[in-house]
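Listed below, chain by chain, are the residues.
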Amino acid sequence: MHTEISKVLFTAEQIAARVAELGAQITREYRGKPLTVAGVLCGGSVFCTDLIRKIDMPVTLMFIRASSYGDGTVSQGSVKIDFLGADFAGKHVLVAEDIIDTGYTMAAVKKELLARGALSVKLCCILDKPSRRKIETSADYIGFTIPDEFVVGYGLDYADMYRNLPYVGVVEIKED
């Protein structure tokens, strides 16, 4: 099997502009409230670090690890969450994720953060793929809505590759 990028969906410049807009919106809405941003590893780390630099107020940064992907390409529905020792009790939490696809992961993360005592939980993703939703969930802040295509770059991967691309592209997986 080999892969190749068939097209670029969003350039680095388009992503940077949209992240700046999201940061400004979040700043307006959270002004005066202490905000904790929880980046979701590994894919959401690139977006999260860019996003917090565009939020013009003090924030606390924490990371969590969450996944519902078994073989790396198909969501299995059961979600594994590791809070990496972070305590979210009594905090307003903004979860920064790379993509919302089936909704399993973000629904489980939000539910668990609230169960652990978070004052509020909002979801922010750079990419939203609503056509693949399996359960009712949505982000409060969305960078771009995308079609049902397999995307890589800007933190998103295929077999742990392509996360370092500065753009979001569609990957074609071909049998050799």
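Look above for the structure.
Being a predicted model, the structure only gives us computed values, none of them experimental.

Peer 1: Which residues make up the overall build of the protein chain, and what values do they have?
Peer 2: Within the protein chain one finds 3 helices and 9 strands. Along the chain direction, N to C, the helices and strands of the protein chain fall in the order β-α-β-α-β-β-β-α-β-β-β-β. In summary, the protein chain has a C-alpha radius of gyration of 16 Å against a globular reference of 16 Å for 176 residues, a match within 12%. Dimensions of the protein chain, computed from the C-alpha atoms along their principal axes, are close to 55 × 35 × 25 Å.

Peer 1: Give a detailed account of the pairing of strand 2 (residues 35–41), specifying residues and quantitative values.
Peer 2: For strand 2, a buried count of 6 out of 7 residues is recorded, marking the element as mostly surrounded by other parts of the structure. When strand 2 meets strand 5 (residues 92–100), the two strands line up parallel, connected through 5 bridges. Residue pairing for strand 5: threonine 36 is matched across the bridge by valine 93.

Peer 1: So, the pairing of strand 6 (residues 120–128): which residues are in play, and what are the values?
Peer 2: By the criterion of burial, strand 6 is predominantly enclosed, with 7 of the 9 residues buried. Relative to strand 6, strand 5 runs parallel, the two being bridged by 8 bridges. Counted as the bridge partner of histidine 92 is serine 120 from strand 6. Taking the sense of rotation as the criterion, the β-α-β connection linking strand 5, helix 3 (residues 104–115) and strand 6 turns out right-handed. The sheet contact formed by strand 6 and strand 7 (residues 141–145) spans 4 bridges and is parallel. Bridge assignment links cysteine 124 to a residue of strand 7, and that residue is tyrosine 141.

Peer 1: Give a detailed account of the nonpolar core, specifying residues and quantitative values.
Peer 2: Formed by 28 residues in total, the largest nonpolar core has its most connected members in Ile26, Phe47, Leu51 and Leu127. Those elements giving two or more residues to this core turn out to be helix 1 (12–30), strand 2, helix 2 (44–52), strand 5, strand 6, strand 7 and strand 9 (168–174). No other element matches the 5 residues that helix 1 contributes to this core.

Peer 1: Break down unusual backbone geometry for me, citing the residues and quoting the values.
Peer 2: Cis rather than trans, the peptide bond between leucine 41 and cysteine 42 has omega equal to -5 degrees. You can see cysteine 42 is positioned in the loop between strand 2 and helix 2. Even without glycine at this site, leucine 84 takes up a positive phi of about 50 degrees. Here leucine 84 shows up in the loop between strand 4 (75–82) and strand 5.

Peer 1: Describe the state of the cysteines, listing the residues and the values that go with them.
Peer 2: Using the criterion set out here, one finds 0 disulfides in the structure. Lacking any disulfide linkage, cysteine 42 is separated from the closest cysteine sulfur, that of cysteine 48, by 13 Å. Residue cysteine 42 is classed as partly exposed on the basis of its relative accessible area of 34%. In this structure cysteine 125 is a free cysteine whose sulfur lies 6.6 Å from that of cysteine 124, the closest cysteine sulfur available.

Peer 1: Go over the pattern of salt bridges with me, naming the residues and quoting the values.
Peer 2: Two side chains carrying opposite charge are able to pair once their charged atoms lie near each other. Evaluation of the coordinates by the stated rule reveals 9 salt bridges. With a shortest N-O distance of 2.6 Å, arginine 53 and aspartate 50 are connected by a salt bridge. Judged by relative accessible area, which is 59%, arginine 53 ranks as exposed. A relative accessible area of 24% means that aspartate 50 is categorised as partly exposed.

The rules behind the values
Residues numbered from 1 in each chain as written. Predicted model: local features only at pLDDT ≥ 70, side-chain atom pairs only at ≥ 80, totals over all residues. Heavy atoms only, no water. Helix = DSSP H or I, 4+ residues; strand = E, 2+ residues; numbered from the N terminus. Rg over C-alpha atoms; globule rule 2.2 N^0.38 Å. Buried < 20%, exposed > 50% of the residue type's maximum accessible area, 1.4 Å probe, protein only. Pairing = 2+ DSSP bridges. Right-handed = clockwise from strand over helix to strand, strands pointing away. Core = buried A, V, L, I, M, F, W, Y, C linked by side-chain atoms within 4.5 Å. Disulfide = S-S within 2.5 Å. Salt bridge = Lys/Arg side-chain N within 4 Å of Asp/Glu carboxyl O.

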